[in-house]
Amino acid sequence: MPVFDVHSHVFPEKVHARAVEVLVQKSHGLPAFTDGSLEDQERKALKAGYDGWLNCPVVTSARQMRSVNDWVSAWNGWPHLSLGGLYPNAPLEEVLGEAERIRRLGLLGVKFHPEYQEFGILEERLAPLWERLAELKLPVLFHAGSDIGFLGSIPHSRPADFARLAERHPDLTIICAHMGGWRNWDQVEQDLAGAPVYLDTSFSKGWMPDQQQFERIIRKHGPDKILFGTDSPWSPLEQARQEVEETSLTPQEKQAIFYDNASRIFPLPKI
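The structure presented is a predicted model; accordingly, all values stated were derived computationally and were not measured.

A. Structural view of the overall build of the protein. Counting its regular elements, the protein contains 11 helices and 9 strands. For a compact globule of 271 residues, the expected C-alpha radius of gyration is about 18 Å, and the protein comes in at 17 Å, within 12% of that figure. With respect to the three principal axes, the spread of C-alpha positions in the protein is 50 × 40 × 40 Å. A buried classification covers 58% of the 271 residues belonging to the protein. Taking the contacts inside the protein whose residues are at least 6 apart along the sequence as the reference set, 77% of them involve residues at least 24 apart. Here the protein displays about 11,400 Å² of accessible surface, and carbon together with sulfur accounts for 51% of that area. Seen as two clouds, the 28 positive and the 37 negative side-chain charges of the protein have centres 2 Å apart.

Right, here's the structure in full:
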């Protein structure tokens, strides 16, 4: 069955090696399974049987927004697609203007990382941004829960926050990475599963103390709202795929997770 990865990361040619090195150090020696380049991601994804994948850039300053979006738009085309990046702590008018430019550039949505970008998703100052992204029909993919680079810190987002955001902005397409909240999966089961958001499978099952929780969340949330993701380069691509394949889900449910659900959100080819 076709496979589309909604959550991967690549970096520009001049900085990819250093970017991965810095992130490995910040993440306490977490191994990387690509070198962070577009070329290595493509080579290894195709070898692992993936049909396409989505880059999720994290913009950590206002001055990065334009250059990052220009770079990813230069190669945004099947099989390597990309979201755009916005820095939510920049002046609101600047962020809204760049959101409109992301739409014009043909990027497929926007990635946000509350930990690296240091913001809360329910901050009132950001309500106009969520409304504008909904109007522009730009899906948003959020890092959700804790982050391995910020161990010991209180996360900027909780599973219940994403449920509340969906209530406040029902027209916004919300994707919560890491099965709704990395290392917050008990809260996901209690406060988020079943809400009108999508969850991606990235960087999750192998970190769950209760290995049955992965499939339990999928069942409670609904396989029609689960998207396959890897968080590459931080997960082996073959292993990430196997984590879904080894569940007791039906072939139709697995096909929905691997490809069909994403095709309802993003302009993917029919395979």
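Moving on from the coordinates now.
B. Up close: the nonpolar core. Judged by nonpolar contacts, the single largest core of 68 residues is most densely connected at Leu 86, Phe 112, Trp 130, Leu 133 and Phe 142. Every residue in contact with Leu 86, bar those within four places of it in the chain, is listed here: Val 59, Met 65, Val 95, Glu 98, Ala 99, Ile 102, Val 110, Lys 111, Phe 112, Gln 117, Leu 129 and Leu 133. Phe 4, Val 6, Leu 83 and Ala 177 belong to the second-largest nonpolar core, a separate cluster that totals 17 residues.

C. Fine view of helix H11 (residues 251-265). Taking 1.5 Å of rise per residue, 15 residues should cover 21 Å, and H11 covers 21 Å from first to last C-alpha, within 8% of that figure. Listing the buried residues of H11 in full gives Glu 253, Lys 254, Ala 256, Ile 257, Phe 258, Tyr 259, Asn 261, Ala 262 and Ile 265. Buried residues in H11 make contact with strand S1 (4-8), strand S7 (174-176), strand S8 (198-200), helix H9 (213-221), strand S9 (226-227) and helix H10 (237-245).

D. Main features of the pattern of salt bridges. Summed over the entire model, instances satisfying the criterion amount to 17 salt bridges. Ionic pairing is found between Glu 135 and Arg 132, a salt bridge with its closest N-O pair at 2.8 Å. One end of the pair, Glu 135, and the other, Arg 132, are both in helix H6 (residues 127-135), 3 residues apart, so they sit about a helical turn from each other. Between Glu 167 and Arg 164 there is a salt bridge, with the nearest N and O atoms lying 2.8 Å from each other. Remark: Arg 164 and Glu 167 occur in helix H7 (residues 159-168); sequence separation between them is 3 residues, near one turn of the helix. The class for Arg 164 is partly exposed, based on a relative accessible area of 38%.

E. Region of interest: the sheet that holds strand S3 (residues 80-82). The 3 strands are arranged S1-S2-S3 in an open sheet whose pairing can be described as parallel. Among the strands making up the open sheet, the edge pair consists of S1 and S3. Neighbour-to-neighbour, the strand axes of this sheet turn through a mean angle of 25°, independent of strand direction. Sheet topology note: the S1/strand S2 (residues 52-55) ladder contains 3 bridges and is parallel. Counted as the bridge partner of Ser 8 is Asn 55 from S2. Helix H3 (residues 64-75) rests against S2 and S3 of the sheet, and its axis sits at about 150° to S3.

About the thresholds
- Residues numbered from 1 in each chain as written.
- Predicted model: local features only at pLDDT ≥ 70, side-chain atom pairs only at ≥ 80, totals over all residues.
- Heavy atoms only, no water.
- Helix = DSSP H or I, 4+ residues; strand = E, 2+ residues; numbered from the N terminus.
- Rg over C-alpha atoms; globule rule 2.2 N^0.38 Å.
- Buried < 20%, exposed > 50% of the residue type's maximum accessible area, 1.4 Å probe, protein only.
- Contact = heavy atoms within 4.5 Å.
- Areas by Shrake-Rupley, 256 points an atom, 1.4 Å probe, with all protein chains shown as cover.
- Lys, Arg positive; Asp, Glu negative; His and termini not counted.
- Charge placed at Lys NZ, Arg CZ, Asp CG, Glu CD.
- Core = buried A, V, L, I, M, F, W, Y, C linked by side-chain atoms within 4.5 Å.
- Expected span 1.5 Å × (residues − 1).
- Salt bridge = Lys/Arg side-chain N within 4 Å of Asp/Glu carboxyl O.
- Pairing = 2+ DSSP bridges.
- Axes fitted to C-alpha atoms, helices over the stretch in contact; angles between N-to-C directions.

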